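# Coordinate inspection notes
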Amino acid sequence: ELDPPRGPVAQKLIAGARAVREAGADAINVGDSPMAQVRMASLAAAHLIQQEAGIETILHFTTRDRNLMGIQADLLGAHAMGIRHILALTGDPPGLGNYAHATAVYDLDSIGLVRVLSRLNEGVDVAGKGIGKATEFLIGVALNPVSQDLETEVQRFARKVEAGAHFAMTQPLFDLEPLLQVFDRLGGRPIPVLLGVLPLRSYQHAEYLHNEVPGISIPERIREAMRKAGDQAERVGMEMALEVALEARAYVQGVYVIPSFGRYEQACELVRALLAHVRPGG
């Protein structure tokens, strides 16, 4: 997962995309102004990555900033640019970032966005008018197994699947138990799941994520392990990320790596370590 830059220059993003491609990553998912912080448009960033780094992207697409017309227009534009993988998101509210005065649109939520994508894949827009040629989007949705309201999360996820979702991506997880509990509630895995993995860098990093970032919950034993690791915390964080990813192999169809603070070399290291276990001997 790579976030677009905060300004108009994308060279560092492209360099990071090339590096993780060379490390063996299959795709890059591109954030859409996460945490309601203004960044380069995800659609532009994804297009640049595909064109200049030569690796497919999964485009985060929120309903926060677009009305129903804009949503469909941008999706058709994404398809014309060769972007086929869309992660349908509602999006963080502007008040979460530094634009509390900004107006959120939210004509649709993520479930409604999945329905729009499904309609485009059938060759029609929301009004039922033909679009000439059906799109070929693969539709992704978010799944947060550590949601504070897990019952609502599971219900909404089931509705996303019913609306036409093809795959799911979890929030970053630090142990598998919450995900396995969700699978139990769902009676299995209705669609393929990609597990989010975030290597921790320090005890302070773990505490910040746990206490300040919505949607992330780090078990106390993990935070305590980071505290005890001291100067070796970054190494321990990488080892724990690798461990949970490998443990998940029996339950998920892939993992995506979330580098901290734009540290692409950390993502490359974890990708290479994963591939060494998954494809020993090359």
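Worth saying up front: this structure is predicted, and the values here are computed from it rather than measured. Position labels on residues start from 1 in each chain and follow its written sequence. Only residues with pLDDT of 70 or above have their local features reported here, since the model is predicted, and side-chain atom pairs are shown and tallied only from 80 upward, although totals for entire chains, interfaces and linings are computed over all residues. Here the side-chain values reflect all heavy atoms present in the structure, with hydrogen atoms and water set aside.

### With respect to helix α1 (residues 11-23)
Because the α-helix completes a turn every 3.6 residues, residues three or four places apart line up on one side. Secondary structure is summarised from DSSP: a helix means a run of H or I of at least four residues, a strand means a run of E of at least two, and numbering begins at the N terminus for each. What a helix should span is 1.5 Å times the count of its residues minus one. With 13 residues, α1 extends 18 Å between its outermost C-alpha atoms, agreeing within 8% with the 18 Å of an ideal straight helix rising 1.5 Å per residue. Working definition: with a 1.4 Å probe on protein chains only, accessible area under 20% of the residue-type maximum means buried, over 50% means exposed, and in between means partly exposed. Among the residues making up α1, those that are buried are L13, I14, G16, A17, V20 and A23. Buried residues in α1 make contact with β1 (27-30), α2 (42-53) and α10 (264-278). Looking one or two places after α1, you find G24, whose phi comes out positive at around 120 degrees. Two residues form a contact once any of their heavy atoms are found within 4.5 Å.

### Some points on the nonpolar core
Definition used in this section: a nonpolar core is a set of buried Ala, Val, Leu, Ile, Met, Phe, Trp, Tyr and Cys residues joined via side-chain atoms within 4.5 Å. In this structure, I49 and L75 are the most contacted members of the largest nonpolar core, which totals 64 residues. Among the nonpolar cores identified, the runner-up in size contains 21 residues, and L89, I218, A229 and A233 belong to it.

### Quick word on the sheet that holds strand β7 (residues 254-257)
Only strands that DSSP links by at least two bridges are regarded as paired with each other. Sheet architecture is open: seven strands sit in the order β1-β2-β3-β4-β5-β6-β7, paired in parallel fashion. A single partner strand is all that each edge strand has here, and the edge strands are β1 and β7. Between one strand axis and the next, the sheet turns through 25 degrees on average, direction left out of account. Pairing between β1 and strand β2 (residues 56-62): four bridges, direction parallel. Opposite A27, over in β2, you have E56 as the bridge partner. Fitted lines through C-alpha atoms give the axes, limited to the stretch in contact for helices. The angle between two N-to-C directions lies from 0 to 180 degrees. On the sheet, helix α4 (residues 110-121) packs against β2, β3 (85-89) and β4 (138-143) and is oriented at approximately 150 degrees with respect to β3.

### Some remarks on the side chain of H60
With respect to the element layout, H60 can be found in strand β2. Sequence-distant contacts of H60, defined by excluding residues within four places in its chain, comprise E1, N29, V30, G31, D32, S42, L87 and L89.

### Section: unusual backbone geometry
Located in the positive-phi region is S33, a residue other than glycine, with phi close to 45 degrees. For S33, the position within the fold is in the loop between β1 and α2. With a relative accessible area of 13%, S33 lands in the buried category. Positive phi, close to 55 degrees, is recorded for Y106, a residue that is not glycine. Position of Y106 among the secondary structure elements: in the loop between β3 and α4.

### Remarks on helix α3 (residues 68-80)
The terminal C-alpha atoms of α3 lie 19 Å apart, and with 13 residues this matches the ideal 18 Å at 1.5 Å per residue to within 8%. Within α3, the full set of buried residues consists of I71, Q72, L75, A78 and H79. Down the axis of α3, the sector holding all buried residues measures 125 degrees, keeping them to one side. Along α3, exposed side chains directed more than 90 degrees from the buried face belong to M69 and A80. Looking at the buried side of α3, the elements it contacts are α2, β2, β3 and α4. In protein, a polar contact requires one atom able to donate a hydrogen and another able to accept it; more generally it is a pair of N or O atoms within 3.5 Å, and residues adjacent in sequence count only if both atoms are side-chain atoms. Between a side-chain oxygen at the N-terminus of α3 and the backbone nitrogen of M69 the separation is 3.1 Å; the capping residue is N67. Directions drawn from the helix axis to the C-beta atoms are what define this arc.

### Here we look at the packing of aromatic side chains
Note on aromatic pairs: each is described by the distance of the centres and the angle between the planes. Aromatic rings from Phe, Tyr and Trp, with only the six-membered ring used for Trp, were paired whenever their centres fell within 6.5 Å, and each pair was classed as stacked if the ring planes differed by under 30 degrees, edge-to-face if by over 60, and tilted otherwise. Across all of its chains, the model carries zero aromatic pairs by this definition. Charge-over-ring placement is defined geometrically: NZ (Lys) or CZ (Arg) within 6 Å of the ring centre, and within 35 degrees of the ring normal. The ring of F61 has R66 lying over it, and the distance from NZ or CZ to the ring centre is 4.0 Å. The ring of F183 has R189 lying over it, and the distance from NZ or CZ to the ring centre is 5.9 Å.

### With respect to the packing of helix α9 (residues 233-247) against α10
Put simply, α9 and α10 touch, their axes get as near as 10 Å, and they point 45 degrees apart. In terms of their interaxial angle, α9 and α10 are classed as oblique. With respect to the hand of their crossing, α9 and α10 are arranged in right-handed fashion. Along the contact surface, α9 presents E234, M238, A241, L242, A245 and L246, while α10 presents Q266, E269, L270, A273, L274 and H277. Working definition: roughly parallel below 35 degrees, roughly antiparallel above 145 degrees, roughly perpendicular at 65 to 115 degrees, and oblique for all remaining angles. By convention the crossing between two helices is left-handed if the near helix lies anticlockwise of the far one by an angle smaller than a right angle, and right-handed if it lies clockwise.

### Considering the side chain of T170
Turning to its location among the elements, T170 is positioned in strand β5 (residues 167-172). Overall, T170 belongs to the buried group, its relative accessible area being 0%. For T170, the contacting residues outside a window of four places in its chain are L143, P145, L179, V193, L194, L195, G196 and Y256.

Scope: geometric values only; no functional claims are made or implied.
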